[in-house]
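Examining the three-dimensional arrangement
Each chain, written out:
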Amino acid sequence: MTDTEDKQARPLAGKVAIVTGASRGIGRAIALDLARAGASVACIATSAERCEETVGLCSEFGVEATAHGVDVADHAAVTALVGEIVKARGGLDILVNNAGVTRDQLLLRMTEEDFDRVIGVNLKGTWNFLKAATRPLMKAGGGRIINIASVVGITGNAGQANYAASKAGILGLTRSAAKELAGRGVRVNAVAPGFVATDMTAAIDEQAAASLKDSIPLGRVGAPEEIAAAVAFLAGPGGDYITGQTLVVDGGLSL
């Protein structure tokens, strides 16, 4: 294989990536796609043990992959962890904020704890990693931040006021950070998945899931790998002139 062919096959070779929520589902698919493209990957979950399988799969692509545990809502812990990863890897090029939780409930029944935890993990957790990673990403000269939002943050959804608010907040955070960091060469974008087959969506009532599927113009549920492909595109050469945007990957659900 020539150098040109190798660069085309592994466009992220030599890059360092952090992926939160990497133990399963969309996060695991993202970590694998980045590793396939040549990036070394730091996989984040609530405990390092939860990411061991993902790390093993990433390592099969011949890249360095490590597992780390942290509560993404804990600002001090996130700051310390990002510092450790950057020091160990010699820098940082890509940050993917994917970690998220749901605590669905109608407004009248939703507790303060339900609201605070979802906002804390989904929105504050994204901000925690973004803030901790900003300086090393600026030093990288062309760093990438990809935040995983949701179509629910665009359309809203009954019973998910906390989740929708957190994901809508991510969209605003993405646009604001993109404006702040563009002058330093850091691209900041979001990917908004629709209904994707994951452990999280598997918990949805069967009848509700069938109804939701029927509302998707393409007539099927998405796969984690399809979200990962969008992230890999934004992290790679194809995303060079894209910042502050939201790429909706939902089979037309939000139309």
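Residues numbered from 1 in each chain as written. Predicted model: local features only at pLDDT ≥ 70, side-chain atom pairs only at ≥ 80, totals over all residues. Heavy atoms only, no water.

**Comments concerning the UniProt feature "binding site: NADP(+)" (unreviewed entry) in the chain**
The feature "binding site: NADP(+)" (unreviewed entry), as given by UniProt, occupies Gly21, Ala22, Ser23, Arg24, Thr46, Asn98, Tyr163, Ala164, Ala165, Ser166 and Lys167 in the numbering adopted here. In terms of the greatest pairwise C-alpha distance, the residues named above, spread along 147 residues, do not form a single cluster, extending to 24.2 Å across. Position of Asn98 relative to the elements: it lies in the loop between strand E4 (94-97) and helix H5 (112-140). Excluding residues within four positions of it along the chain, Asn98 makes contact with Thr20, Gly21, Ile26, Gly27, Ile30 and Ile148. (UniProt positions renumbered as here; feature names shortened; annotations may be inferred. Helix = DSSP H or I, 4+ residues; strand = E, 2+ residues; numbered from the N terminus. Contact = heavy atoms within 4.5 Å.)

**Some remarks on the pairing of E4**
Taking every second residue as pointing to the same face, both faces of E4 are buried, with Ile94 and Val96 on one and Leu95 and Asn97 on the other. The sheet contact formed by E4 and strand E5 (residues 144-148) spans four bridges and is parallel. Bridging across to E5, Asn97 finds its partner in Asn147. (Buried < 20%, exposed > 50% of the residue type's maximum accessible area, 1.4 Å probe, protein only. Pairing = 2+ DSSP bridges.)

**Observations concerning helix H7 (residues 161-181)**
The first and last C-alpha atoms of H7 sit 30 Å apart over 21 residues, in line with the 30 Å expected at 1.5 Å per residue. For H7, the full list of buried residues reads Asn162, Tyr163, Ala164, Ser166, Lys167, Ile170, Leu171, Leu173, Thr174, Ala177, Ala178 and Leu181. The inward-facing, buried residues of H7 contact H5, E5, helix H6 (152-155), strand E6 (187-193) and strand E7 (246-249). (Expected span 1.5 Å × (residues − 1).)

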